[in-house]
Amino acid sequence: MAILSTGTNLRRPVIRDISICLMLFLASRAAVMNIHVFGLAAFAACFDMSISYIGVLLICMGLITTGSSILITKYLTASLLFWIYSHFFKKRSVQTDSIACAASSIVGSSVYIICSYSGFSEMINALAEGAAAGIMYIIFKRAGEFISTRSSRTSISKDELICVALCAGVCITGLSGIELPAGITLSGIAAAYVVMCASYNCPLSAAGSAGLSIGFMCSMSTPYAVSATGFYGLCAIFGSLLKAFGKFGAAVGFLGGASAALIYSRFGADTGINAPDVVIGSVLFILTPEKFHMRINDFFSKSMRLEALTSGERLRAYLCQKLNIMSGAFLRLGDSFKALSDIRLQTGVTEAADLFEDTARRVCRGCPMADECWEKTFNFTYRRMVSLLEQIESGGEITDMPKSISDKCIRSEAFVNEFIHVYEAYRQKELFKGDAQRSRDLAAALYKEFGDILAQTASSIEDRLGFRSEYEEELITELDKCGISLFEISVIEHGDDRLEIFLGLNNGAYVDKLIEIIKKVTGIEVEFSGENGGIVKLVTKPRYNVKTGLCAVPCDGCDISGDNTEIFETEDNRSFVIISDGMGCGYDARKESESIVRLLKEFVTAGFDAETAIRIINSSLCMQLDRERAAAIDLLYIDRTSGIAKLFKIGCAETFFFHGGAADIIFPVSLPAGMVNSIDLNPQTIRIHEGDILVMVTDGITQSGSSEWIKNEIKPELSAEENARTIIDKAIVKWGGKAFDDMTCVVIKIY
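Conventions we followed
Residues numbered from 1 in each chain as written. Predicted model: local features only at pLDDT ≥ 70, side-chain atom pairs only at ≥ 80, totals over all residues. Heavy atoms only, no water. Helix = DSSP H or I, 4+ residues; strand = E, 2+ residues; numbered from the N terminus. Contact = heavy atoms within 4.5 Å. Areas by Shrake-Rupley, 256 points an atom, 1.4 Å probe, with all protein chains shown as cover. pLDDT = per-residue confidence, 0-100. Buried < 20%, exposed > 50% of the residue type's maximum accessible area, 1.4 Å probe, protein only. Phe/Tyr/Trp six-rings, centres within 6.5 Å; stacked < 30°, edge-to-face > 60°. Lys NZ or Arg CZ within 6 Å of the ring centre and 35° of its normal. Expected span 1.5 Å × (residues − 1). Core = buried A, V, L, I, M, F, W, Y, C linked by side-chain atoms within 4.5 Å. Pairing = 2+ DSSP bridges. Axes fitted to C-alpha atoms, helices over the stretch in contact; angles between N-to-C directions. Salt bridge = Lys/Arg side-chain N within 4 Å of Asp/Glu carboxyl O.

Enquirer: Mind showing me how you'd approach the overall build of the protein chain here?
Expert: A count of helical and extended segments in the protein chain gives 26 helices and 15 strands. Nonlocal contacts in the protein chain, meaning residues at least 24 apart in sequence, comprise 68% of its contacts between residues at least 6 apart. A total of about 36500 Å² of accessible surface is found on the protein chain, and carbon and sulfur atoms cover 58% of it.

As structure tokens, then:
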């Protein structure tokens, strides 16, 4: 069988044309209700047009041998029309060829109707026959493409397998009418033999599909089409179940299914199956050399070589990957928390008596006056210490040694200094009790956040993550047609209509070719995302692109800015801009803001949503017990696939959105992070379009005067970098030529 040639020069037939000529002859003989549409479809789909004159003769011969010579005008006209179409139209596709085949059939039928003076009802039949011709063209085309390229193919799709089975059924139907003595038919023998070959060499599901397809095509012109279809399908399944016992087992299984069906037919459900045909077909099947069966088995086993992972295995792998990334992010958060909050607790006392006893133990041990002070005159010593404690708690500084102590104590100076030291430790202990309660509340909130994260992750996987097996099967077939074989394929669809495609290639392929094939199958444009261990990753191509420009100036008198910025993109086509304005200026503020933007980037890159990441950072800042810590957070993310942007503005300056020739101001909605345990985020959502501009600034710029002036400084004709520099320069002018605070400006242009 050969793929349709677009050549226009006629040639002599050669030996390799015998198989395609035999197939066309049999297809021309096949008929359903005196409609011989199969010959036209086979001629249009599979026959080499450089020997089209032979194809036309074969169609005529097929019609004559079935006693339908009266229809020669009809199908000869249709065949010649399609040959003319193929001769003059060079840019063709399966769709246009199918339409041309249907149109040729309708025109041929119309000519026949006119010549035979038929009625209007015949035109309705002609339209139905034309539709059938177009459908059969596609079936023959797909089967012919696969058979002609089977030597280089490593897989066959389910629809290709069914197309091959349907074509085999058509050829077997072409044997109808050829009868041997004792009522034996060639079509019945061929049908039984082919179905047994399929059951012996194909997997169970494929054998069943082949049996049903062949049974339907062989019997559709008879009143027994439904029962015969079930007969061959049942026999194919029984034969496939026993094929482990070899050819004999497959034949016994087939005959067992046939016996069950034939016994059932005695109760009124005639199958139209001739028992001698089935027996002879089984004998021929058993007598067929094993070498022939090995060739058939190789044909089908190559087609079933690639085994996809189950959904459970894929989900486990995906979960492990995600949870490992999240775990790493939490470990880094813990390390950062430890570095920024190194609190050393002092050992102290909890009651006044313990305070006095601790001081005496530190100073009076070994003193020759210890017995005098703490035994003989204990009450007097105790009153002196209470007086000293009252003096310290009143807030007064002990500049002079109390006379009551200096007169009686030979170690008075050391005693007072040590008492003050122990008291400070005691006070810090009491303060820590309140801080510890606050820490427990924050830790509980943090644990809740972590629980929410896991719940959101599970929900995302359950509701938004899916594997598109139908895309995988089609891609395997289309790639195989181009000579590209795979050892792994996964097509993952996310809830936002975004695809992630992983292809493990056995042989090399240009990315452009992969992108072209994927678009043909899915209708979605993709782009190359990366390669790891031979696995190529392609993702949905975003609808929008982002260009950013950054300009930053430190406060006058500081070598380093306290502002910090992170601009990055994630694998799911989201662009992020994060600005953090630390408290104050210089190195300490810089360290604070740098830690915040780094952790935010870690979390969103790991797959957390922005809101959860900000809440975790806020809880972390609130838990810093050594000092009050707060920072402004200005976070923007843009989904470049959907065109949705969200802004999280936590105690920061305004953002300016330029759209349609005018600019709007987006104001902050919350206090800086670290001020309160629970912050109300309320992200502000906007839809972006090509040509839009967003301007994010820190308060060093907006405090130089009313922020309205920034709206006038947004110039679409300037680049993002030039726009950012212009705004910074104008802000410095408004400050009187100096930067009295750190200034940062980020301009984002959408294109």
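Enquirer: Explanation requested: the confidence of the model for the protein chain in the structure shown.
Expert: As a general rule, the predicted coordinates of low-pLDDT regions are not to be interpreted in detail. Counting all residues, the mean pLDDT for the protein chain is 78, and 78% of those residues have values of 70 or more. Between residues 1–7, whose pLDDT stays under 50, and residues either more than four places distant or in other chains, the model counts 29 contacts. In this model, residues 303–310 is a region of pLDDT below 50 whose contacts with residues beyond four sequence positions or in other chains number 16 contacts.

Enquirer: Can you walk me through the environment of I35 in this structure?
Expert: Take I35: it is sitting in the loop between α1 (18–29) and α2 (37–46). Of the residues examined, I35 reaches a relative accessible area of 23% and is grouped as partly exposed. With 33 residues separating them in the primary sequence, I35 and S68 have C-alpha atoms 9.6 Å apart.

Enquirer: When you look at the packing of aromatic side chains in this model, what are you seeing that I'm missing?
Expert: For any two aromatic rings, the description comes down to two numbers: the centre-to-centre distance and the angle of the planes. Using the criterion set out here, one finds 10 aromatic pairs in the structure. For the ring pair F43 and F47, a centre distance of 6.0 Å and an interplane angle of 25 degrees mean the geometry is stacked. With respect to class, F43 is no different from F47; both count as buried. Ring centres of Y193 and F285 lie 6.5 Å apart, and the angle between their planes is 70 degrees; this geometry places the pair in the edge-to-face category. Here the residue Y193 occupies a position in helix α8 (residues 186–201), and F285 occupies one in helix α12 (residues 275–287), the gap between them amounting to 92 residues. There is no split in this pair, since Y193 and F285 are both buried. Stacked on the ring of Y637, the Lys or Arg R574 has its end atom at 5.0 Å from the ring centre.

Enquirer: What am I meant to see in helix α5 (residues 94–116) here?
Expert: The periodicity of an α-helix, 3.6 residues per turn, causes residues three or four positions apart to be oriented the same way. Counted at 1.5 Å a residue, the expected span for α5 with its 23 residues is 33 Å, and the 33 Å between its end C-alpha atoms agrees. Of the residues making up α5, those classed as buried are D97, S98, A100, C101, A102, S104, S105, G108, S109, S110, Y112 and I113.

Enquirer: Before we go on, may I ask you to explain the nonpolar core in this structure?
Expert: Across soluble globular proteins, you tend to see nonpolar side chains buried next to one another. Core analysis: the biggest nonpolar cluster contains 50 residues, and F38, F47, F82, F140 and V170 have the highest contact counts within it. Elements with a minimum of two residues in this core: α1, α2, α3 (52–65), α4 (72–88), α5, α6 (120–148) and α7 (158–173). Sort the elements by how many residues they give to this core and α2 lands first, with 9 residues. Excluding residues that lie within four positions of it along the chain, F38 makes contacts with A27, A30, A31, V32, M136, F140, V170, M217 and M220. One finds A191, I214, Y232 and A258 within the second-largest nonpolar core, a separate group that totals 28 residues.

Enquirer: Just to check I follow, could you spell out the sheet that holds strand β14 (residues 693–697) for this structure?
Expert: Reading across the sheet, the 5 strands line up as β6-β15-β14-β11-β12 and stay open at both edges, with antiparallel pairing between neighbours. This sheet does not close on itself; its edge strands, each paired only once, are β6 (546–553) and β12 (662–666). Here the average twist between neighbouring strands, direction ignored, is 15 degrees. Here helix α26 (residues 720–734) sits on the sheet and contacts β6, β14 and β15 (743–750); the angle it forms with β6, its principal contact strand, is near 30 degrees.

Enquirer: In this structure, what is going on with the pattern of salt bridges? I would like to understand it.
Expert: Opposite charge on two side chains permits them to pair, given that their charged atoms come into close proximity. All chains considered together, the criterion is met by 17 salt bridges. A salt bridge links K649 to D634, with the nearest nitrogen and oxygen atoms 3.0 Å apart. Highlighted residues: K649 in strand β10 (residues 644–650) and D634 in strand β9 (residues 631–639), separated in sequence by 15 residues. Judged by its relative accessible area of 2%, D634 falls in the buried class. Salt bridges sharing common partners tie together E145, E478, K481 and K520.

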